Amino acid sequence: MDEYLQDNPHTVLAGQILYRHALNLFDAQDYKSAGEMLDSVAASQIRRSQLDEYLFKKAYCELEAGDVDRALLRFMALEKRPVSDYTAPAKYSIGYINYDRGNYHEALEWFEQSASDRRFSEISDYYIMECRFMLKDYAYITKYGEKVYTRLSEERKPYLARIISESWLVQGDAEKARKYYDLS
């Protein structure tokens, strides 16, 4: 790639070549290198059909690099574009950034939106429960928690069981709290 681009510095294929290389780096989870490569490709060099992927992966690389504010701005811009395969991932990412910052009301809204996409329904449903717990909405958790619990991966079930248990305890039902405590 480097040799071809060096021999053909004015090729119209340069942007596409660099973009494809960035995607390979992204897929290899080398987000630092992928981000640097994406930064070298102008949006004008990207095909219209590739723009949402380009924007999402650029934002994700920034998130991984710790530039959370910039990533959030990019995810927000992507979310405002026409619906694509990257809309739900952008919404989930916005939710997660807000959750991580302790903005549980804001995070809740974004997780509720991303939950409608089957790729994000399980994880979003889990974080909806986390947000509701942090907002002290114990009645919501005890009403919907069991349904969400049955759909979660085995990895997340103990965490939600603890949340459900504590919610029942706060509401004064020690028997139901004990049931979920034993699952955590």
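Throughout this description, residue numbers start from 1 for each chain and increase along the sequence as written. With the structure being a predicted model, the display of local features is reserved for residues of pLDDT at least 70 and the display and counting of side-chain atom pairs for 80 or more, all residues being used for whole-chain, interface and lining totals. Only hydrogens and water are set aside; all other atoms, that is, all heavy atoms of the structure, feed into the side-chain values.

Colleague: Can you tell me about the side chain of Lys157, naming the residues and giving the values?
Modeller: Runs of H or I in DSSP of at least four residues are treated as helices and runs of E of at least two as strands, each being numbered from the N terminus. Relative to the assigned elements, Lys157 resides in helix H10 (residues 157–170). A polar side-chain atom of Lys157 sits 3.1 Å from a polar atom in the side chain of Glu154. Every residue pair with non-hydrogen atoms within 4.5 Å of one another is taken to be in contact. Sequence-distant contacts of Lys157, that is, excluding residues within four places in its chain, are made with Tyr149, Thr150 and Leu152. We define a polar contact as two N or O atoms separated by no more than 3.5 Å, with the added condition that, inside protein, one atom must be a possible hydrogen donor and the other a possible acceptor, whereas residues neighbouring each other in sequence contribute only through side-chain atom pairs.

Colleague: Quick rundown of the environment of Glu62? Include the residues and the values.
Modeller: When you line up the elements, Glu62 lands in helix H4 (residues 51–64). Here the alpha-carbon distance between Glu62 and Ala34, two residues 28 residues apart in the chain, equals 9.9 Å. What Glu62 contacts, discounting residues up to four positions off in sequence, is Asp67, Arg70, Ala71 and Arg74.

Colleague: How would you explain the layout of surface pockets if you had to name every residue and give the values?
Modeller: Both site types are read off a 1 Å grid over the protein atoms alone. A 1.4 Å probe that fits but cannot get out defines a cavity, while an open set with protein on both sides within 12 Å along at least five of seven lines defines a pocket; lining residues have an atom within 4 Å of a point. Grid points are joined across faces, edges and corners, and a volume is the space filled by probe spheres set on the points. Its boundaries defined by the atoms lining it, the largest pocket holds a volume of some 220 Å³. Lining the largest pocket, in full, are Phe56, Lys57, Tyr60, Leu63, Glu64, Tyr86, Pro89, Tyr92, Ser93, Tyr96 and Phe120. Element by element, the count of residues in the lining of the largest pocket is highest for H4, at five residues. Polar here means any residue outside two lists: the nonpolar Ala, Val, Leu, Ile, Met, Phe, Trp, Tyr, Cys and Pro, and the charged Asp, Glu, Lys and Arg; Gly therefore counts as polar. The class makeup of the residues in the lining of the largest pocket is eight nonpolar, one polar and two charged. Taken as a whole, the second largest pocket encloses approximately 150 Å³ of empty space. Lining the second largest pocket, in full, are Tyr31, Lys32, Gly35, Glu36, Asp39, Lys58, Cys61, Glu62, Ala65, Asp67 and Arg70. Looking at the lining of the second largest pocket, the elements with two or more residues in it are helix H3 (31–39) and H4. Per element, the largest residue contribution to the lining of the second largest pocket is five residues, and it comes from H3. Tallied by class, the residues present in the lining of the second largest pocket amount to three nonpolar, one polar and seven charged.

Colleague: For unusual backbone geometry, give the residues involved together with the corresponding values.
Modeller: Look at Gln29: it is not a glycine, yet its phi comes out positive at around 65°. For Gln29, the location among the structural elements is in the loop between helix H2 (14–27) and H3. You will see that Lys136, though not glycine, has its phi angle at about 60°, which is positive. Relative to the helices and strands, Lys136 is located in the loop between helix H8 (121–134) and helix H9 (138–151).

Colleague: Talk me through the packing of helix H7 (residues 104–114) against H8; I want residue IDs and the actual numbers.
Modeller: Here an axis means a line fitted to C-alpha atoms, over the contact stretch when the element is a helix, while the angle between two N-to-C directions is reported on a 0 to 180 degree scale. Packing of H7 against H8 brings their axes to within 9 Å, and their N-to-C directions diverge by 155°. Taken together, H7 and H8 sit at an angle that is classed as roughly antiparallel. You can see that H7 and H8 cross each other, and the crossing is left-handed. Together, Tyr104, Ala107, Leu108, Phe111, Glu112 and Ser114 of H7 and Ser121, Ser124, Tyr127, Ile128, Cys131, Arg132 and Met134 of H8 make up the contact between the two elements. Partitioned by chemical class, the residues of the contact of H7 with H8 number eight nonpolar, three polar and two charged. Working rule for angles: under 35 degrees goes down as roughly parallel, over 145 as roughly antiparallel, 65 to 115 as roughly perpendicular, anything else as oblique. Should the near helix be turned anticlockwise from the far one by less than a right angle, the crossing is termed left-handed; should it be turned clockwise, right-handed.

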